[in-house]
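Geometric and topological summary
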Amino acid sequence: MMKRSMSERLPPEDAAILPFPAPDERASVVDRAAQERDEETALLIKVREQSDRDAFRRLFEMLAPRINSHLRRGGMAPADAENLLQDVFLVVWRKASMFDARLASARTWIFTLVRNRRIDLERAAQRDQRLVADYARNDGGVESYEVDLLSQAFGARVGAMLGQLPAEQREVLIKCYVEGKSQREIAQESGVPIGTVKSRARLAFERVRAAFGEAR
Amino acid sequence: MNAMQHPASGWLMDYACGHLSPAFDIVIATHLLGCPSCRADLQLAEGLAADVMVNDGALAPATAADDIFTSQRAAPDMPGWRPSGSMSGEPALAAVAGNYLALGESALRWRGMGGVAVAKLRSGEGDSLWLLRARPGAVLPRHSHHGSELTVVLQGAYVIDDQVFSVGCLEDADESTRHQPIVTTRGECLCLAATTGPLIFDGWAARLAQRYLGI
């Protein structure tokens, strides 16, 4: 079956209330993001099928600096981030056979490796709750996230969709994904009942499902 | 058949981002084992998190790609969370149930009362993971919660009001919920449950039992 392109799944331009990227640039920004994702996946398949070193080098070049930045922003010490990165790419190089492109893109699979390794290490070190507090990298609350920052954080693909969510649903997604807070922590911090956070998350996720549900 | 009961999306988002304590992580993972539609939602939730990771700036690491080829280190054993396609649904959950029950008396310290027994599997980060086992037709004491309580059914079924929770179903309760599960008469019910903080029981007899069970 032919995969629909990202631009086909975007809302009509007059429905968009997101000022960034400008409507005429949006399709191309989204296409580039989609191209990058597809390229990463193609490279990982080459690594899996042919142990292709050049493909691995290129994939490393594309993702390693981003994973490193992500870990460091999350409060991880430089040496720990470096170790985790090596663990993850050792798995990518030696155990690429575990990757199944029908289930996830390369970046999603590699994200799950990063996440699982981080959880393992944190649990081994008797996870310090203060780390969770350090994880938040924006103390100014959700209002300080300008709409263009949404696109920076989530990428143009998701940023465009987030711009159209009601503020309280957007806030739950941002706090969960960008600030690394659980729904329980979000409820405590915002002073609303946990049930309210759950229903906001459910509504926000329905939009995610509607926008991207068929893509993977 | 009865409709499957699923975790709210927020739980899948927390699971995708790695925000959950081990107890809640295990309960969600167990539901996912038996639930293809939540696995599809999880893939979406992980896809979002992957985009956030990739858009989180760039900082060149000291490690180079070529270091990986020559590394003497063992790759860590981390399969990435993917339940195997060869076994999912009820058989997988039955296997999970069997594994727990096979642990036997030495590993599981069951404490029982009135047809209901509980065994604490682990606790940490303020949360506990429990195995609950109840005789057919058992009525659990009515209770509420200080925090979240997630329960996944491994074997049998129970009813709350007009909702049936059968194998694979996940019940999501918290401080806003006050419930009294009743086990169906068809067979023994085995559940895995994660809780934050102690439960709040109605009535002195139940509170006395609570002290004994340590739940």
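Since the structure is predicted, the reported quantities are computational estimates derived from the model, not experimental observations.

Right, let's get into the interface of chain A and chain B. Accessible area lost upon the coming together of the parts serves often as the stated size of an interface. With 69 residues of chain A at the interface, the matching set in chain B holds 47 residues. For the side of chain A that touches chain B, the secondary structure elements donating two or more residues are α3 (53-73), α4 (78-94), α5 (106-124), α7 (147-162), α8 (167-177), α9 (183-190) and α10 (194-212) of chain A. Looking at side-chain class alone, the side of chain A that touches chain B contains 31 nonpolar, 15 polar and 23 charged residues.

Looking now at the sheet that holds strand β5 (residues 149-155) of chain B. As a general point, the strands of a sheet are linked pairwise by backbone hydrogen bonds and lie either parallel or antiparallel. All names here are of chain B. Read across the sheet, 6 strands follow the order β1-β2-β3-β10-β5-β8 without closing on themselves; strand pairing throughout is antiparallel. At either margin of the open sheet sits one strand with a lone partner, and together these are β1 (111-113) and β8 (170-173). Recorded for the sheet is a direction-independent mean angle of 20° between the axes of neighbouring strands. Both β5 and β8 contribute to a ladder of 4 bridges, which runs antiparallel. Bridge pairing in β8 places Thr-151 opposite Glu-171. Docked against the sheet, helix α2 (residues 22-33) engages β2 (116-124), β3 (127-134), β5, β8 and β10 (189-196), running at close to 140° with respect to β10. Sheet strands in contact with helix α5 (residues 90-102) are β3, β5 and β10, and its direction is about 95° off that of β5.

For the rest of this paragraph, the subject is the packing of α9 of chain A against α10 of chain A. Residues and elements named next belong to chain A. In the contact formed by α9 and α10, the axes pass within 9 Å of each other and the chain directions differ by 120°. Classed by the angle they form, the pair α9 and α10 counts as oblique. Where α9 crosses over α10, the two elements pack in a sense that is right-handed. For the pair formed by α9 and α10, the contact residues are Gln-183, Arg-184, Ile-186 and Ala-187 on the first element and Ile-194, Val-197, Lys-198 and Ala-201 on the second. Among the residues forming the contact of α9 with α10, the class breakdown is 5 nonpolar, 1 polar and 2 charged.

Analysis parameters
Residue numbers here run from 1 along each chain, matching the order of that chain's written sequence. Going through the entries in the order they are written, you letter the chains from A and number the ligands from 1. Owing to the predicted nature of the model, reporting of local features is limited to residues with pLDDT of at least 70; listing and counting of side-chain atom pairs is limited to 80 or more, with chain, interface and lining totals taken over all residues. Here, residue contact means that the backbone-derived C-beta atoms of the two residues sit within 7 Å. Under the DSSP-based scheme used, a helix requires at least four consecutive residues in state H or I and a strand at least two consecutive residues in state E, with every element numbered from the N terminus. Residues are sorted three ways: Asp, Glu, Lys and Arg are charged, Ala, Val, Leu, Ile, Met, Phe, Trp, Tyr, Cys and Pro are nonpolar, and all the rest, Gly among them, are polar. Whether two strands pair comes down to DSSP finding at least two bridges between them. Only the stretch in contact is used when a helix axis is fitted, and all axes are lines through C-alpha atoms; the angle between N-to-C directions ranges over 0 to 180 degrees. Relative orientations are named as follows: roughly parallel for angles under 35 degrees, roughly antiparallel for angles over 145 degrees, roughly perpendicular for angles from 65 to 115 degrees, and oblique for any other angle. Crossings are classed by handedness, with left-handed meaning an anticlockwise turn of the near helix from the far one by less than a right angle and right-handed meaning a clockwise turn.

None of this, on its own, says anything about what the molecule does.
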